[in-house]
Amino acid sequence: MDVFERLGIEPIINASGAVTRLGGAPMSPSVLEAFCAAAGESVPLEQLQGVASRVIAEATGAEAGLVTAGAAAGLTLGAAAILTGYDLGRMERLPHCDGFPHEFIIAREQRNGYDHAVRAAGVRLVEVGFHEPIAGAGVRRVEAWEYASAIGPSTAGIVYVYGPHARPSLAEVVAVAHDHGLSVLVDAAGELPPCANLREIVAAGADLVAFSGGKAIRGPQATGILCGRRELVGAAALQMLDMDDHFDLWEPPDSLFDRSRLAGLPRHGIGRGMKVSKEQIVALLTALRLFTEGAYDRELAAFRGHLERVAAALEGIARTALVDPADGESLPVLEISLDEAGLGRPALDVCRRLRHGSPPVYVGHGLLDKGKLVINPLHLNEARTATLIRRLGDELRP
Ligand SMILES: *Cc1c(COP(=O)(O)O)cnc(C)c1O
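Here the structure is a predicted model, which is why all the values come from computation and not from measurement. (Residues numbered from 1 in each chain as written. Predicted model: local features only at pLDDT ≥ 70, side-chain atom pairs only at ≥ 80, totals over all residues. Heavy atoms only, no water.)

Asker: So what exactly am I meant to see when it comes to the packing of helix 4 (residues 71-84) against helix 11 (residues 230-238) here?
Answerer: Helix packing for two helices is described by the angle between their axes and how far apart those axes are. Two numbers describe how helix 4 lies on helix 11: the axes approach to 8 Å, and their chain directions differ by 110°. Considering their axes alone, helix 4 and helix 11 lie roughly perpendicular with respect to each other. Seen along the crossing, helix 4 lies across helix 11 with a hand that is right-handed. Across from Leu77, Ala81, Ile82 and Thr84 in helix 4, the residues of helix 11 making contact are Leu232, Ala235 and Ala236. When its residues are assigned to classes, the contact of helix 4 with helix 11 shows six nonpolar, one polar and no charged. (Axes fitted to C-alpha atoms, helices over the stretch in contact; angles between N-to-C directions. Helix = DSSP H or I, 4+ residues; strand = E, 2+ residues; numbered from the N terminus. Parallel < 35°, antiparallel > 145°, perpendicular 65-115°, else oblique. Left-handed = near helix turned anticlockwise from the far one by under 90°. Contact = heavy atoms within 4.5 Å. Nonpolar A, V, L, I, M, F, W, Y, C, P; charged D, E, K, R; others polar.)

Asker: In this structure, what is going on with helix 11? I would like to understand it.
Answerer: Since one α-helical turn is 3.6 residues long, residues separated by three or four positions face the same way. Summarising burial for helix 11: seven of the nine residues are buried, a large majority. All of the buried residues in helix 11 are Leu232, Val233, Gly234, Ala235, Ala236, Ala237 and Leu238. Tucked inside the fold, the buried residues of helix 11 contact strand 2 (64-68), helix 4, helix 5 (88-93), strand 6 (183-187), strand 7 (208-212) and strand 8 (224-228). (Buried < 20%, exposed > 50% of the residue type's maximum accessible area, 1.4 Å probe, protein only.)

Asker: What am I meant to see in empty space enclosed by the protein here?
Answerer: The gaps left among the atoms become clear once a water-sized probe is rolled over them. Evaluation of the coordinates by the stated rule reveals one cavity of 30 Å³ or more. Put simply, the largest cavity is a space of about 30 Å³. For the largest cavity, the full set of lining residues is Leu75, Asn112, Tyr114, Asp115, Val118, Val159, Val161 and Asp187. Of the residues that constitute the lining of the largest cavity, the class distribution is five nonpolar, one polar and two charged. (1 Å grid on protein atoms, 1.4 Å probe; cavity = no way out; pocket = protein on both sides within 12 Å on 5 of 7 lines; lining within 4 Å. Points joined across faces, edges and corners; volume = space filled by probe spheres on them.)

Asker: How do you make sense of the domain arrangement of the chain when you look at a structure like this?
Answerer: Note: interface size is frequently given as the accessible area lost on complex formation between the parts. According to the domain assignment, the chain contains domain 1 (3-21 + 296-396) and domain 2 (29-292). Each partner contributes residues to the interface: domain 1 has nine residues there, and domain 2 has twelve residues. A combined buried area of about 860 Å² lies between domain 1 and domain 2, and 51% of that area is made up of carbon and sulfur atoms. Of all residues in domain 1, Ala18, Tyr296 and Glu329 give up the largest surface area on contact with domain 2, accounting jointly for 65% of the area buried on that side. Run the count over domain 1 and domain 2 and you get one salt bridge. Measuring nitrogen to oxygen at the nearest pair gives 2.8 Å for the salt bridge that ties glutamate 299 to arginine 218. Remark: the boundary between domain 1 and domain 2 carries four residue pairs in polar contact (both at pLDDT 80 or more). (Domains from an automatic or database assignment. Buried area = accessible area lost by both parts, 1.4 Å probe. Salt bridge = Lys/Arg side-chain N within 4 Å of Asp/Glu carboxyl O. Polar contact = N/O pair within 3.5 Å; in protein donor to acceptor, adjacent residues only side chain to side chain.)

This is the structure we're talking about:
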């Protein structure tokens, strides 16, 4: 019997991709094997994170890296690291930052729900620029001088949400920050693929970068990567790891920590609730290797095949369009345009009915206002594709 059925919950057909709400990405067999093998032995976590630091440094070109409990945890820890550096007193006081700089500058147009993770460390966000193109009130995006003019004695850093359409470029924002001795924390959680972004964001000068481990890398859902300058990554690690050891016994790996600069060991830090297990670390590193070696690219044709089957089955029932990504690495998706008038219900209702069926089907819901369902093939195989076709047919046949 299926493990979920035993618990009384029916597994769904996930046609939405690696979304956190639906459990993230599927893990490859070798990732699951690594997870299980790691569960059978014990290792000191700071030593294992030291190994992870070297592996992540190799993959990203950064000085150091840390496996975090997701990109959002990476943002909290990264913000904490920029706030405290190696200052043990500040680490102890977070998220209260009375008496030291704790403002981070962010473009107003980059504000999003995930920046709560930055604020959680104690940061106060200071917005620059406007939303003029969205407001229909102008053509200009946020500009580098606006970041520069907002910097003052309370400024501790800059947050930048990376993306192909982000303006100004990360390099320009880094130049402003470094001119003022400030660090830039980059949210690049969903910016893989392209695989090249693993290196390019670091190469653009970012001081810390957070990636999701449970999206395109297909590691455990509750993992992520924080990489960047060793001093900052080390400060982040100090605020996440279990610190209940004697300083005289503590022999941390050089790949993460500069022990000589520490006056002692901090107590458990603000990131203690974001701990990562040895199994998660080992599985994430295994998945990272598959991702960087291009193992997932070899599955693209099969994923495309599943979408083509869905499209063929819907011929005469709904208009479909297979959308191939420009980067040649991301998964294609299938957009299904509904005849809402003919069906007598809007796309939102179709989406709800798909969720209420058996098995429940969750399709991409980002284009419902345009009357479209989006099929992401990441979780599809032959059997699930057949079930998906049956359920779509049930709901879309007039
Ligand atoms: C997914 C996402 C996150 C959160 O990543 P997790 O690994 O789920 O914590 C943060 N920021 C952005 C922009 C994202 O897309």
